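Chain and residue survey
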Amino acid sequence: MLKKSFKSKLGFTLTELLMVTSILSAVSPAAYIGIKNKAYETQCVNNLRQIGMTIQMLEMEGGRFPDAKFFPENPNEDPMSIKVILRNYGGMPNEIFICPTTPQELKELGLTYLWNDEVNGKSLFSIQNPSETWLMTDITAAYKEVSSHREGYNVLYADFHVGWTPAPPFKLESVEK
């Protein structure tokens, strides 16, 4: 009788280990940090895109943008918080509202994006330049000493595209801290 023996591979060969080690050692720490930051930036863009899709559905259904505060004192509970509005409408998870590159003390607020309260109650069709009118941006845009992405900011625009800009989409003097 012929027996088949199946051996399961429980580890790596020396060749495989040497190959992985040589590949990892070829990546400089600076390059690794750059790759990691790009991944975080991409996650932030995806967060804003998902938020944008929910805002777009809300605007299409109600005919206007939601009434929300620029940044509420308690973004997790304030009914005028864009986070609460969108979470109640679309059931969005809390992680969507946190940019991974934001400093930890700002992440602890529970919301790391600012809402353009100048669009409150407006319809998309009443906005002059939707591709240039911002809806949401990184909270770090309100702080001169901090930026999140390549010395710039990710922005969700009223036409629902997400872009990067080297300057905040609003005048810093107009922001009350």
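Residue numbering note: each chain is counted from 1, following its sequence as written. Residue-level local features of this predicted model are given only where pLDDT is at least 70; pairs of side-chain atoms are given and counted only at 80 or more, and the full residue set underlies all totals for whole chains, interfaces and linings. As a convention, hydrogens and water are excluded, and side-chain values are obtained from all of the structure's heavy atoms.

1. Describing the pairing of strand E3 (residues 153-157)
- With 5 of its 5 residues buried, E3 lies for the most part within the structure.
- The rule is simple: take the accessible area with a 1.4 Å probe, protein chains only, and divide by the maximum for that residue type; under 20% is buried, over 50% is exposed, in between is partly exposed. Every helix listed is a DSSP run of H or I at least four residues long, and every strand listed is a run of E at least two residues long, numbered separately from the N terminus. Of the two faces of E3, both are covered, the one formed by Tyr153, Val155 and Tyr157 as well as the one formed by Asn154 and Leu156.
- Strand pairing requires that DSSP identify at least two bridges connecting the strands. Where strand E2 (residues 134-138) meets E3, 3 bridges bridge the pair, whose relative direction is antiparallel. Directly across from Thr137, in E3, lies its bridge partner Val155.
- Between E3 and strand E4 (residues 162-165), which pair antiparallel in sequence order, lie 4 residues; one of them, Phe160, sits at a positive phi of approximately 75°.

2. Notes on a nonpolar patch on the surface
- In this analysis, a patch consists of residues with relative accessible area above 30% that form no salt bridge, clustered at 9 Å for like charges and at 5 Å for the nonpolar side chains Val, Leu, Ile, Met, Phe, Trp and Tyr. The Shrake-Rupley method, run with a 1.4 Å probe sphere, supplies the accessible areas, and residue values consider only the shown protein chains as cover. Put simply, a salt bridge is a Lys or Arg side-chain nitrogen that is within 4 Å of an Asp or Glu carboxyl oxygen. On the surface, a nonpolar cluster with roughly 400 Å² of combined accessible area is contributed by Val27, Tyr32, Ile33 and Ile35.
- One can find Ile35 in helix H2 (residues 29-62).

3. Examining the nonpolar core
- Nonpolar cores were defined as sets of buried Ala, Val, Leu, Ile, Met, Phe, Trp, Tyr and Cys residues, with membership established by side-chain atoms within 4.5 Å. With 27 residues, the main nonpolar core has Ile51, Ile55, Phe65, Trp115, Leu135 and Met136 as its most contacted residues.
- Taken together, the elements giving at least two residues each to this core come down to H2, helix H3 (82-90), strand E1 (113-115) and E2.
- Of the residues forming this core, the biggest block, 6 residues, is contributed by H2.
- Those residues within four positions of Trp115 in sequence are excluded, and the remaining contacts are Ile55, Phe65, Pro66, Ala68, Lys69, Phe70, Ile82, Asn120, Trp134, Leu135 and Met136.
- In terms of nonpolar packing, the next biggest core, distinct from the first, is built from 10 residues, Leu106, Leu114, Tyr153 and Val155 among them. Here, residues are in contact when the closest pair of their heavy atoms is within 4.5 Å.

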